[in-house]
Amino acid sequence: MEAELKKKEIEHVFITGIQTEVCVDTTCRRAFSKGYKVTLVADAHSTWDSDDLTAKAIIHHHNRVLRWFADVRSSDEIEWSMEK
């Protein structure tokens, strides 16, 4: 994926997806460590309840913690455009 991003000269990635505490968390941190500008779309990632926490609590926690690595914005705060 990184080769494709570099080929297209993409420097800013928007992260959405599923499973907040695994794939979403890792992707945010890894993109940041590779030098990409990262935006985590706060209301566009999800997970399941664990034995200890509800999905809502996991999502809320990660939206706070991942602010170290990404701009965290809700989907209505983002101006979506396909232009470079």
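Residues numbered from 1 in each chain as written. Predicted model: local features only at pLDDT ≥ 70, side-chain atom pairs only at ≥ 80, totals over all residues. Heavy atoms only, no water.

**Examining helix α2 (residues 20-33)**
In step 1: Given a rise of 1.5 Å per residue, 14 residues ought to cover 20 Å, and the 18 Å separating the end C-alpha atoms of α2 matches this to within 8%.
In step 2: Every buried residue of α2 is listed here: T20, V24, D25, C28 and A31. When α2 is viewed along its axis, its buried side chains cluster within an angular range of 140° and face the same direction. Residues of α2 that are exposed and angled more than 90 degrees away from the buried face: R30 and S33.
In step 3: Of the surrounding secondary structure, the elements contacted by the buried residues of α2 are β1 (12-18), β2 (37-46) and α3 (55-65). (Helix = DSSP H or I, 4+ residues; strand = E, 2+ residues; numbered from the N terminus. Expected span 1.5 Å × (residues − 1). Buried < 20%, exposed > 50% of the residue type's maximum accessible area, 1.4 Å probe, protein only. Arc of directions from axis to C-beta. Contact = heavy atoms within 4.5 Å.)

**Some remarks on the side chain of T39**
In step 1: Tracing the sequence through the fold places T39 in strand β2.
In step 2: The exposure class assigned to T39 is buried, which follows from its relative accessible area of 5%.
In step 3: A polar contact is formed between the side chain of T39 and the side chain of H12, at a distance of 2.6 Å.
In step 4: If we ignore the near neighbours within four places in the chain, the residues touching T39 are H12, V13, F14, I15, D71, R73 and I78. (Polar contact = N/O pair within 3.5 Å; in protein donor to acceptor, adjacent residues only side chain to side chain.)

**Structural notes on the sheet that holds β1**
In step 1: Strand order in this open sheet of three strands is β1-β2-β3, and the pairing throughout is parallel. The two strands at the open ends of the sheet, each matched to only one other strand, are β1 and β3 (71-73). Taken pair by pair, the neighbouring strands of this sheet meet at an average axis angle of 30°, ignoring direction.
In step 2: Judged from the three bridges that link them, β2 and β3 form a sheet pairing that is parallel. Paired with V41 across the two strands is R73, which belongs to β3.
In step 3: Contacts from α2 reach β1 and β2, with the element oriented near 170° to β1.
In step 4: In the packing of α3 onto the sheet, the strands contacted are β2 and β3, and the crossing angle to β2 comes to about 170°. (Pairing = 2+ DSSP bridges. Axes fitted to C-alpha atoms, helices over the stretch in contact; angles between N-to-C directions.)

**Section: the nonpolar core**
In step 1: Of all hydrophobic cores here, the largest spans 13 residues; its most connected members are V13, I15, C28, A31, Y36, V38 and L40.
In step 2: Those elements giving two or more residues to this core turn out to be β1, α2 and β2.
In step 3: Beyond its immediate stretch of four places on either side in the chain, A31 contacts V13, Y36 and V38. (Core = buried A, V, L, I, M, F, W, Y, C linked by side-chain atoms within 4.5 Å.)

**What about the pairing of β2?**
In step 1: Bridge analysis of β1 against β2 gives six bridges, and the strand direction is parallel. Looking at the pairing, I18 lines up with S46 of β2.
In step 2: Crossover β1 to β2 through α2 is right-handed.
In step 3: In the classification by handedness, the crossover that spans β2, the intervening α3 and the parallel β3 is right-handed. (Right-handed = clockwise from strand over helix to strand, strands pointing away.)

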